[in-house]
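Take a look at the letters that make up each chain.
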Amino acid sequence: MPDRLTNIAKNIIIGKKIIYLDEVDSTSDYIKRALDIGEMTEGTVVAASIQTKGKGRAGRVWESPAGGLWFSLLLYPRLPMEKMALLSLVFAVAISQGLGEIIEQKCKIKWPNDIYLDGKKLAGILLETGSLEEDIYLIIGVGINVDVDKDQLGSLSSSAASLSEHSSLDLNINSILAAVLEYMEMYYLDFQQEGFSQILEEFKELCLHLDQRVKIDCINRIVSGINVDIDSRGRLVVDTGLAIEKISTGDVKVL
Ligand code: BTN
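Within each chain, residue numbers correspond to sequence positions counted from 1 in written order. For a predicted model such as this one, the threshold for reporting local features is a pLDDT of at least 70, and the threshold for listing and counting side-chain atom pairs is 80 or more; totals across whole chains, interfaces and linings nevertheless cover every residue. Side-chain metrics rest on all non-hydrogen atoms present in the structure, leaving aside hydrogens and water.

Let us now look at the site of the ligand. Close to the ligand lie 19 residues; Ser-26, Gln-51, Lys-55, Arg-57 and Lys-121 are nearest. In this structure, Gln-51 approaches the ligand through a side-chain N or O atom, which is 2.8 Å from a nitrogen atom. Lys-55 is positioned such that a nitrogen or oxygen atom in its backbone is 2.7 Å from an oxygen atom of the ligand. Whether a set of points on the 1 Å grid over the protein atoms alone is a cavity depends on a 1.4 Å probe fitting there but being unable to get out, while an open set qualifies as a pocket with protein on both sides within 12 Å along at least five of seven lines; lining residues are those with an atom within 4 Å of a point. Grid points define the cavity or pocket, and a molecule sits in it when more than half of its atoms lie within 2 Å of them. Placement of the ligand is best described as lying within the largest pocket. For the shell around the ligand, the elements supplying multiple residues, two or more each, are helix 1 (27-36), strand 3 (68-75), strand 6 (120-132) and strand 7 (135-145). At four residues, the largest contribution of residues to the shell around the ligand is made by strand 6. Polar here means any residue outside two lists: the nonpolar Ala, Val, Leu, Ile, Met, Phe, Trp, Tyr, Cys and Pro, and the charged Asp, Glu, Lys and Arg; Gly therefore counts as polar. Class assignment for the residues of the shell around the ligand results in five nonpolar, ten polar and four charged. Distances are taken per atom, and a residue is near a molecule or strand as soon as one of its heavy atoms is within 4 Å of it. Pairs of N or O atoms are called polar contacts if they sit within 3.5 Å, as long as, within protein, a hydrogen donor faces a hydrogen acceptor (for residues adjacent in sequence, only side-chain-to-side-chain pairs). Note on conventions: DSSP H or I runs of at least 4 residues are helices, E runs of at least 2 residues are strands, and numbering of each starts at the N terminus.

Pasting the structure below:
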């Protein structure tokens, strides 16, 4: 990896423009609406203090009270679809490393892109693709519990972590955003230029459940076994005892 950029202004794509909102339904939906009326350029970041209709993966609600860092980012990656899918893992590594540097602790990843700290979920990433004329765009939505009141996280309160519980530092949301965007750009450019193999090694090193027993809910079936690898296409490789399964989408439970 290149040396950490010291100033967000040095980013060449991600965060060249940042829109801060007090309240919005969802920062990702805000980007979609702005795209529809032609008012959104590549690399723009939309951040909000509160989201009233935050969206999580698999159609879940993402509770987004004050005290969190909720933002989305627009990119046109110009990659074939199979490589586009890898960005989910690329950004998980970037955000995990960025947050890890801020709190000086290792943040782990639950495949494909949940960030965990001490066994609890600290951050989540939602990737959505769409097309505008000929171009395929990607909206990356990131939710980080910085200093949230867990009572406001509903059913997730007992399984959620907040950065403030793990750091005595003065956690400023804007500086966390700046640091995370620097890491996202570093890894995005590295992926575009060098490919996935080195980032995959980092992913494996940070993975919460490699070599452990897992149960994966793949919507139409459940797969249980040992997570023996993550392959070059970003798939979870599971030895069920009967077969080696390669899984592209699903929710992992670590047993
Ligand atoms: C997940 O782990 O389920 C993904 C959560 C993604 C939440 C973020 S918060 C900013 C952006 N706007 C949304 O509505 N969702 C994402």
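Here the narrative resumes, following the displayed structure.
Turning our attention to the sheet that holds strand 9 (residues 222-230). The criterion for strand pairing is that DSSP finds at least two bridges linking the strands in question. Judged by pairing direction, the sheet is antiparallel, and its five strands sit side by side in the order 11-10-9-8-12 without closing on themselves. At either end of the open sheet lies a strand with only one pairing partner, and these are strand 11 (244-247) and strand 12 (251-254). Neighbour-to-neighbour, the strand axes of the sheet open up by a mean angle of 45 degrees, direction not taken into account. When strand 8 (residues 213-217) meets strand 9, the two strands line up antiparallel, connected through five bridges. Looking at the pairing, Asp-217 lines up with Ile-222 of strand 9. Interaxial angles span 0 to 180 degrees and are taken between N-to-C directions of axes, which are lines fitted to C-alpha atoms, for helices over the stretch in contact.

Right, let's get into the environment of Lys-17. Secondary-structure assignment places Lys-17 in the segment before strand 1 (18-24). With 112 residues separating them along the chain, Lys-17 and Thr-129 place their C-alpha atoms 20 Å apart. The residues contacting Lys-17, other than those within four sequence positions of it, are Gly-43, Thr-44 and Val-45. In what follows, residue pairs with any heavy atoms lying within 4.5 Å of each other are defined as contacts.

So, about the nonpolar core. For the purposes of this section, nonpolar cores are sets of buried Ala, Val, Leu, Ile, Met, Phe, Trp, Tyr and Cys residues that join through side-chain atoms within 4.5 Å. Only protein chains enter the accessibility calculation, which uses a 1.4 Å probe; a residue whose area is less than 20% of its type maximum is buried, one above 50% is exposed, and one in between is partly exposed. Ranked by internal contacts, the top residues of the largest apolar core, which has 64 residues, are Phe-71, Leu-99, Ile-144 and Met-184. Setting aside residues up to four positions removed in sequence, Leu-99 forms contacts with Cys-107, Ile-115, Leu-122, Ala-123, Ile-144, Leu-163, Ile-176 and Val-180. Residues Leu-35, Met-40, Tyr-137 and Ile-139 belong to the second largest nonpolar core, which totals 13 residues.

It is the contact of helix 2 (residues 81-103) with helix 3 (residues 173-194), at a shortest axis distance of 8 Å, that shows an interaxial angle of 140 degrees. One finds that helix 2 runs oblique with respect to helix 3. At the point where helix 2 passes helix 3, the crossing takes the right-handed sense. By residue class, the composition of the contact of helix 2 with helix 3 is 17 nonpolar, two polar and two charged. Should an angle lie under 35 degrees it is considered roughly parallel, over 145 roughly antiparallel, and from 65 to 115 roughly perpendicular; all remaining angles are considered oblique. Crossing handedness is defined as follows: a turn of the near helix away from the far one that is anticlockwise and smaller than a right angle gives a left-handed crossing, while the clockwise case is right-handed.

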